[in-house]
Amino acid sequence: KQWYQRRVRGSTSSATGNLVYNGATYAHFIYYFCVLNLVPTIVAGSLSERTNVVAYFVVTFFISFFVTPVLMHWAWSERGWASYRSRYLMKTGVLDFAGSSVVHVSGGIMALVGAYVVGPRKGRFAGERASVRMPRQNVTYAALGAFFFWAGFYALNMGTIQNFQGDSVNALGKVAVNTTLCATASAIAVAVLSVYREKRIEPYSVVNGICTGLAGSSAGCATMTTEGALVTGLLCGAVYFLLSSILCSAGVDDVTDVWPIHFGGGMVGMLSAAFFTTQSFYKIAVLDSGDATPCGALYVCDGLGWRLFVANLVFLIAVSAWSFVAGLALFLPLKVMSLLRVDKLTEDAGLDFMADKGAVPLKRF
């Protein structure tokens, strides 16, 4: 009861006897609650157009209660083995400021496992895994969704600071600029590469490039230099383009390119943060007042630069392994119990039509 009053409800004032509510705890709770529920929405994109609604409920519950909380504890808790607070890992801890690995790498790996287990949509591949372009939604809607996604990232990345006073206020502008640079540079990189391969700018690929840059911005948005953010964005675009091609060649039907976007962007973001982070920005972003403040591998800071890189690399591997095993433990039983995929009739007719026969097809608009 005392712990509950102190950490959740607040503490009792000795002068008045009234309960003083702990507003910061509520703010932290709702923020991490929102972050926690990002991962199921990431995974859902790769399973579109052929997955049972019951499976979506199970996936959301399993990830939100058993997968992501473990990763959040590892990276951000005071007792986490990889946390920058405990510094057990390489004496620096991992630098994943807003979740490039905890959210995006994890979501991307589980999405890949889910897409592979559920199988491709009918007609997606023909012959020797030759890809067939499926009907798409309106590109204007897709671009509008990407801009909503972009706007949300300002809340995610800037909200991670959670201490809007003193020097922390100075980090808000840097986070916003670095987030913008990552997304913009990634989109430009994808546009250039699509012109090289397709002889034209592919708008859907550019939209995905924006999302990839945003996923890559989260790890070091508050600690990287602006030059580092620009390089991170360019690398995110290139990696997305490469992974998207590999995914298609492998015969895996990831409907919204979740694995190239979130895993590719998150991976680049984690490694870039370990390269381009400066000591001064690190001190401000994580409120580090110790003598041994880590920095990126490109800088000299008492040998802690390479330690931070190793810490981020180890954590990246750990997150990938945990997410892969969790994905298998989640999707394989659903498939065995025939709860993962809808029947052929429902898939042919369309999930929206079968769920609500009064719905108007999108092509009529």
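See the structure shown above.
The notes below deal with the structure included here. (Residues numbered from 1 in each chain as written. Predicted model: local features only at pLDDT ≥ 70, side-chain atom pairs only at ≥ 80, totals over all residues. Heavy atoms only, no water.)

**Section: unusual backbone geometry**
Okay, step 1: Although it is not a glycine, Arg-87 sits at a positive phi angle of roughly 60°.
Okay, step 2: Mapped onto the elements, Arg-87 comes out in the loop between helix H4 (53–76) and helix H5 (100–118).
Okay, step 3: Even without being a glycine, Lys-199 presents a positive backbone phi close to 65°.
Okay, step 4: One can find Lys-199 in the loop between helix H7 (168–198) and helix H8 (203–217).
Okay, step 5: Exposure remark for Lys-199: the relative accessible area of 67% places this residue in the exposed category. (Helix = DSSP H or I, 4+ residues; strand = E, 2+ residues; numbered from the N terminus. Buried < 20%, exposed > 50% of the residue type's maximum accessible area, 1.4 Å probe, protein only.)

**Notes on the nonpolar core**
Okay, step 1: Counting residues in hydrophobic clusters, the biggest one holds 72 residues, and the most contacted among them are Val-43, Ile-63, Val-102, Phe-315 and Phe-331.
Okay, step 2: Every residue in contact with Val-43, bar those within four places of it in the chain, is listed here: Val-59, Ile-63, Gly-107, Met-110, Ala-111 and Phe-331.
Okay, step 3: Val-190, Tyr-240, Phe-241 and Ile-261 belong to the second largest nonpolar core, which has 5 residues in total. (Core = buried A, V, L, I, M, F, W, Y, C linked by side-chain atoms within 4.5 Å. Contact = heavy atoms within 4.5 Å.)

**Here's the deal with the state of the cysteines**
Covalent bonding between the sulfur atoms of two cysteines defines a disulfide.
Okay, step 1: One pass over the full model with this rule turns up 1 disulfide.
Okay, step 2: Disulfide partner of Cys-295: Cys-301, at an S-S distance of 2.0 Å. Here Cys-295 and Cys-301 share a disulfide; its torsion about the S-S bond, -90°, makes the bridge left-handed. Each member of the pair, Cys-295 together with Cys-301, is buried.
Okay, step 3: In this model Cys-182 remains outside any disulfide bridge; the closest cysteine sulfur is found in Cys-236, 6.2 Å from its own.
Okay, step 4: There is no disulfide at Cys-221, and the cysteine sulfur nearest it, in Cys-182, is 8.2 Å away. (Disulfide = S-S within 2.5 Å.)

**As for a nonpolar patch on the surface**
Okay, step 1: Taken together, the side chains of Val-53, Val-54, Phe-57 and Val-58 make up a nonpolar region of the molecular surface, amounting to roughly 360 Å² of accessible area.
Okay, step 2: The topology assignment puts Phe-57 in helix H4.
Okay, step 3: The class of Phe-57 is exposed, set by a relative accessible area of 62%. (Patch = residues over 30% accessible without salt bridge, like charges linked within 9 Å, V, L, I, M, F, W, Y side chains within 5 Å. Areas by Shrake-Rupley, 256 points an atom, 1.4 Å probe, with all protein chains shown as cover. Salt bridge = Lys/Arg side-chain N within 4 Å of Asp/Glu carboxyl O.)

**Observations concerning the pattern of salt bridges**
Okay, step 1: Summed over all chains, the structure comprises 7 salt bridges.
Okay, step 2: Between Asp-253 and Arg-121 there is a salt bridge, and its shortest N-O distance comes to 2.7 Å. One end of the pair, Asp-253, is in the loop between helix H9 (226–249) and helix H10 (258–276); the other, Arg-121, is in the loop between H5 and strand E3 (125–126), with 132 residues separating them in the sequence. Both residues of the pair, Asp-253 and Arg-121, count as buried.
Okay, step 3: The closest approach of N and O atoms between Asp-253 and Arg-124, which form a salt bridge, is 3.4 Å. Residue Asp-253 is located in the loop between H9 and H10, and its partner Arg-124 is located in the loop between H5 and E3; the two are separated by 129 residues in the primary sequence.

**Examining the packing of aromatic side chains**
Aromatic ring pairs are described here by two measures, namely the spacing of the ring centres and the angle between the planes.
Okay, step 1: For the structure on display, the rule yields 14 aromatic pairs.
Okay, step 2: On the basis of an interplanar angle of 45° and a centroid distance of 5.8 Å, the ring pair of Tyr-32 and Trp-76 is categorised as tilted. Residue Tyr-32 is found in helix H2 (residues 23–36), and its partner Trp-76 is found in helix H4; the two are separated by 44 residues along the sequence.
Okay, step 3: Aromatic side chains Phe-61 and Phe-66 sit 6.0 Å apart centroid to centroid with 70° between the ring planes, which places their arrangement in the edge-to-face category.
Okay, step 4: By relative accessible area, which is 44% here, Phe-61 ends up partly exposed.
Okay, step 5: Among the aromatic residues, ring-to-ring pairing joins Phe-61, Phe-62, Phe-65 and Phe-66 into one connected group. (Phe/Tyr/Trp six-rings, centres within 6.5 Å; stacked < 30°, edge-to-face > 60°.)

**Observations concerning the packing of helix H3 (residues 38–46) against H4**
Helices that pack against each other are described as a pair by the angle of their axes relative to one another and the distance between those axes.
Okay, step 1: Taken N-terminus to C-terminus, the directions of H3 and H4 make an angle of 135°; their axes are 9 Å apart at the nearest point. Accordingly, the angle class assigned to the pair H3 and H4 is oblique. Considering how the two elements wind past one another, H3 and H4 form a crossing that is right-handed. Counting all contacts with H3, which are made through Val-39, Pro-40, Val-43 and Ala-44, the residues of H4 involved are Tyr-56, Val-59, Thr-60, Ile-63, Ser-64 and Thr-68.
Okay, step 2: Residue composition of the contact of H3 with H4, by class: 7 nonpolar, 3 polar and no charged. (Axes fitted to C-alpha atoms, helices over the stretch in contact; angles between N-to-C directions. Parallel < 35°, antiparallel > 145°, perpendicular 65-115°, else oblique. Left-handed = near helix turned anticlockwise from the far one by under 90°. Nonpolar A, V, L, I, M, F, W, Y, C, P; charged D, E, K, R; others polar.)

**Brief notes about the side chain of Ser-106**
Okay, step 1: Turning to its location among the elements, Ser-106 is positioned in helix H5.
Okay, step 2: Within polar-contact distance, the side chain of Ser-106 engages the side chain of Ser-323 at 3.0 Å.
Okay, step 3: The residues contacting Ser-106, other than those within four sequence positions of it, are Val-39, Val-67, Leu-71, Ser-101, Val-319 and Ser-323. (Polar contact = N/O pair within 3.5 Å; in protein donor to acceptor, adjacent residues only side chain to side chain.)

**Details of the environment of Asp-254**
Okay, step 1: Turning to its location among the elements, Asp-254 is positioned in the loop between H9 and H10.
Okay, step 2: For Asp-254, a relative accessible area of 5% translates into the label buried.
Okay, step 3: Excluding anything up to four places from it in sequence, Asp-254 contacts Ser-46, Ala-115, Leu-247, Trp-259 and Pro-260.
Okay, step 4: Separated by 2.9 Å, the side chain of Asp-254 and the backbone nitrogen of Val-258 make a polar contact.

**A few points about the environment of Ser-218**
Okay, step 1: Considering the arrangement of structural elements, one finds Ser-218 in the loop between H8 and H9.
Okay, step 2: Separated by 47 residues in sequence, Ser-218 and Gly-265 have C-alpha atoms that sit 9.3 Å apart.
Okay, step 3: Not counting chain neighbours up to four residues away, the residues in contact with Ser-218 comprise Phe-97, Ala-98, Gly-99, Ser-100, His-104, Phe-153, Leu-156 and Asn-157.
Okay, step 4: For Ser-218, the side chain forms a polar contact with the side chain of Asn-157, separated by 3.2 Å.

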